[in-house]
Amino acid sequence: MTIAIIAHNGKKPEMVMFLNEFRDILHAKHIKLVATGTTGAKTEEAGFEVEKLLSGPLGGDAQIASRLAEGKIDMVIFFRDPLDKHPHEPDIFMLMRLCDVHNIPLATNPATARLLMKAI
Ligand SMILES: O=C(CO)COP(=O)(O)O
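Note that the structure is predicted; figures quoted are calculated from it, not measured. What you see as residue numbers is a count from 1 along each chain, following the sequence as written. Local features in this predicted model are restricted to residues whose pLDDT is 70 or higher, and side-chain atom pairs enter the listing and the counts only when it is 80 or higher, whereas totals over whole chains, interfaces and linings include all residues. Side-chain metrics rest on all non-hydrogen atoms present in the structure, leaving aside hydrogens and water.

1. A look at the UniProt feature "domain: MGS-like" (unreviewed entry) in the protein chain
Look at the UniProt record and you will see "domain: MGS-like" (unreviewed entry) annotated at residues 1-120. Numbering goes from the N terminus for both helices and strands, where a helix is a DSSP run of H or I of at least four residues and a strand is a run of E of at least two. Taken end to end, residues 1-120 has its terminal C-alpha atoms 9 Å apart, with 48% of it in helix and 16% in strand. UniProt positions are given in the numbering used here, feature names are shortened, and annotations may be inferred rather than shown by experiment.

Right, here's the structure in full:
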């Protein structure tokens, strides 16, 4: 199973905390992580193996969207920061739209992500 993880800057610490909380499950279930660039770098620093794509504003969300459309991503955990502006908002909406098009579970906050992780 492959999970895409993405966090806006204000949410990156929360993403690392979340991953640490589920470290054992991620390991036991052999889950592959793929991430946008800076989220991936923080994830790596926390001791996880992760495939890093481009940074979000440079096309990372679009890369994840493309993989998702090809059936290569099973779940998306995307901690968005609703209080910040993002120059690449069209990419963000494209990613979320494609999750709905392809019926891919998408968690946009830790509470939902926890429920999803408990279900896998
Ligand atoms: O901007 C992002 C998601 O829209 C996240 O990108 P980074 O992980 O590179 O910061």
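2. Focus on the site of the ligand
Surrounding the ligand, one finds 16 residues, the nearest of these being K12, T36, T39, S55 and H88. In the analysis that follows, any N or O atom pair within 3.5 Å is treated as a polar contact, provided that within protein one partner can donate a hydrogen and the other can accept it, and provided that, for residues neighboring in sequence, both atoms belong to side chains. Between the ligand and the protein, one listed contact pairs an oxygen atom with a side-chain N or O atom of T36 at 2.7 Å. T38 places a polar main-chain atom, nitrogen or oxygen, 2.9 Å from an oxygen atom of the ligand. Surface exposure here means Shrake-Rupley accessible area, sampled with a 1.4 Å probe, where a residue is shielded only by the protein chains that are shown. In isolation the ligand has 310 Å² of accessible area, and contact with the protein removes 96% of it. Elements represented by at least two residues in the shell around the ligand include exactly β1 (2-7) and α3 (37-45). Nearness of a residue to a molecule or strand requires only that one of the residue's heavy atoms be within 4 Å of it.

3. Remarks on the pattern of salt bridges
Just to be clear on terms, a salt bridge is a Lys or Arg side-chain nitrogen sitting within 4 Å of an Asp or Glu carboxyl oxygen. Enumeration over the complete set of coordinates arrives at six salt bridges. For R114, the salt bridge is made with E21, and the minimal N-O distance between the two is 2.9 Å. One end of the pair, R114, is in helix α6 (residues 110-119); the other, E21, is in helix α1 (residues 12-21), with 93 residues separating them in the sequence. The classification of residues rests on relative accessible area computed with a 1.4 Å probe and restricted to protein chains. Under 20% of the type maximum is buried, over 50% is exposed, and intermediate values are partly exposed. What makes R114 partly exposed here is its relative accessible area of 28%. A salt bridge links E70 to K72; its shortest N-O distance comes to 2.8 Å. One connected set of salt bridges, linked through shared partners, spans K32, E51 and R67.

4. Things to note about helix α4 (residues 60-69)
Looking at α4, one finds that the buried residues are G60, D61, I64, A65 and L68. Buried positions in α4, seen along its axis, are confined to an arc of 140 degrees and lie on one side of it. Residues are treated as being in contact if the distance between any of their heavy atoms lies within 4.5 Å. For α4, the elements touching its buried residues are β1, β2 (32-35), β4 (75-79) and α5 (89-101). Phi turns positive, to about 80 degrees, at G71, one or two residues after α4. Working definition: the arc comes from the directions between the helix axis and the C-beta atoms, pointing outward to the latter.

5. Observations concerning the sheet that holds strand β5 (residues 106-107)
Whether two strands pair comes down to DSSP finding at least two bridges between them. As summarised here, the arrangement of the five strands in space is β3-β2-β1-β4-β5, forming an open sheet in which the pairing is parallel. Looking at the sheet topology across the chains shown, the edges are occupied by β3 (51-52) and β5. Taken together, the two bridges between β4 and β5 define a ladder with parallel strand orientation. The partner of V76 across the bridge, within β5, is L106. Working convention: axes come from line fits to C-alpha atoms, limited for helices to the stretch in contact. Angles between N-to-C directions cover 0 to 180 degrees. Contacting β1, β4 and β5, α5 crosses the sheet at an angle of about 145 degrees to β4.

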